[in-house]
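# Examination of the molecular architecture
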Amino acid sequence: MAVDLQAYQQLKETLDTKGITLIAVSKTKPVEDIQALYDAGHRDFGENYVQELVQKQLHLPKDIRWHFIGHLQSNKVKMIAPFVHMIHGVDSIKLLEVVDKEGRKAGRKINALLQVHIAKEETKFGLDLQEARQAASAYFLEKKYEHVELCGLMGMASFSDDQQLVESEFKSLKHLFDEVKTVHKNATQFNILSMGMSGDYLLAIQCGSTMVRVGSLLFGRRG
Ligand SMILES: *Cc1c(COP(=O)(O)O)cnc(C)c1O
């Protein structure tokens, strides 16, 4: 299935009025689909697999802002460090250190979000609340990781029909986000709360999301 441009226009309009950024999640989808959305004016795309992202960006316009939203292995950071716009899934201190190191090598500051584990499910990656607080302190207080621009937090709620559960998870992330901004007065660039996907973006927005990552609603189901 190709891109649903009507769904895109509708969603984009809704989000624009609220000042929320849309990341079009194009993982597993062909470059033609990305190009179609690009031609409709879209620039922010999200990918989960390093090799796939590296291949795609070679064949697509250079002004696309590529968001890496999946679990990132430390040894692969160098493959995307020169061009990636933002890494959403910084889910360990070790990975934060590697992003910093590769940013230095690439001669740039890499935008990053700390991924926080908010879901009840065991399988999802992320820092726990305490680790996220420590990482924020190391960055804003101790001024570590100079080649990282720490822009905010990212989280994924449980894959569940239980709206109350999902809502409480999103709220816990929003709470931490506000806390970091209150504690660290120099966190002026810490403004992104990346939460919400095709199935739960409306709830995420109600809970304070500033950036949603939407795939299947735009590109159709993944095979
Ligand atoms: C795949 C993916 C999305 C998009 O999921 P949809 O349900 O297709 O909207 C968002 N965020 C992450 C981290 C993903 O891996």
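Before reading further, recall that the structure is shown in the block above.
All of these numbers come straight from a predicted model, not from anything done at the bench. (Residues numbered from 1 in each chain as written. Predicted model: local features only at pLDDT ≥ 70, side-chain atom pairs only at ≥ 80, totals over all residues. Heavy atoms only, no water.)

## With respect to the site of the ligand
Lining the immediate surroundings of the ligand are 13 residues, of which K27, S198, G215, S216 and R222 lie closest. A distance of 2.7 Å separates an oxygen atom of the ligand from a polar atom in the side chain of K27. In this structure, an oxygen atom belonging to the ligand sits 2.8 Å away from a main-chain N or O atom of S216. Residues belonging to the shell around the ligand are distributed by class as follows: six nonpolar, four polar and three charged. (Near = heavy atom within 4 Å. Polar contact = N/O pair within 3.5 Å; in protein donor to acceptor, adjacent residues only side chain to side chain. Nonpolar A, V, L, I, M, F, W, Y, C, P; charged D, E, K, R; others polar.)

## A few points about the pairing of strand β2 (residues 44-47)
With burial as the criterion, each face of β2 is covered, one bearing D44 and G46 and the other bearing F45 and E47. The sheet contact formed by strand β1 (residues 21-25) and β2 spans two bridges and is parallel. From the neighbouring strand, V25 faces β2, where its bridge partner is G46. Read as a crossover between parallel neighbours, the route from β1 over helix α2 (residues 31-39) to β2 is right-handed. As defined by bridge partners, β2 adjoins strand β3 (residues 65-68) across four bridges and the pair is classed as parallel. Note that in β3 the partner of D44 across the bridge is R65. Note that the unit made of β2, helix α3 (residues 50-59) and β3 has a crossover that is right-handed. (Buried < 20%, exposed > 50% of the residue type's maximum accessible area, 1.4 Å probe, protein only. Helix = DSSP H or I, 4+ residues; strand = E, 2+ residues; numbered from the N terminus. Pairing = 2+ DSSP bridges. Right-handed = clockwise from strand over helix to strand, strands pointing away.)

## As for α2
Where α2 is concerned, the buried positions are D33, I34, L37 and Y38. Along the axis of α2, the buried residues cluster in a sector spanning 140°; they form a single face. Exposed side chains of α2 directed beyond 90 degrees from the buried face belong to E32 and D39. One or two positions beyond α2, positive phi appears at G41, with a value near 110°. (Arc of directions from axis to C-beta.)

## Some words on the pattern of salt bridges
All chains considered together, the criterion is met by 11 salt bridges. With a shortest N-O distance of 2.8 Å, K171 and E167 are connected by a salt bridge. Of the two residues, K171 and E167 are both situated in helix α7 (residues 163-183); the distance of four residues between them amounts to about one turn of the helix. With a relative accessible area of 46%, K171 lands in the partly exposed category. The class for E167 is partly exposed, based on a relative accessible area of 26%. One network of salt bridges, in which partners are shared, links E47, E52 and K56. (Salt bridge = Lys/Arg side-chain N within 4 Å of Asp/Glu carboxyl O.)

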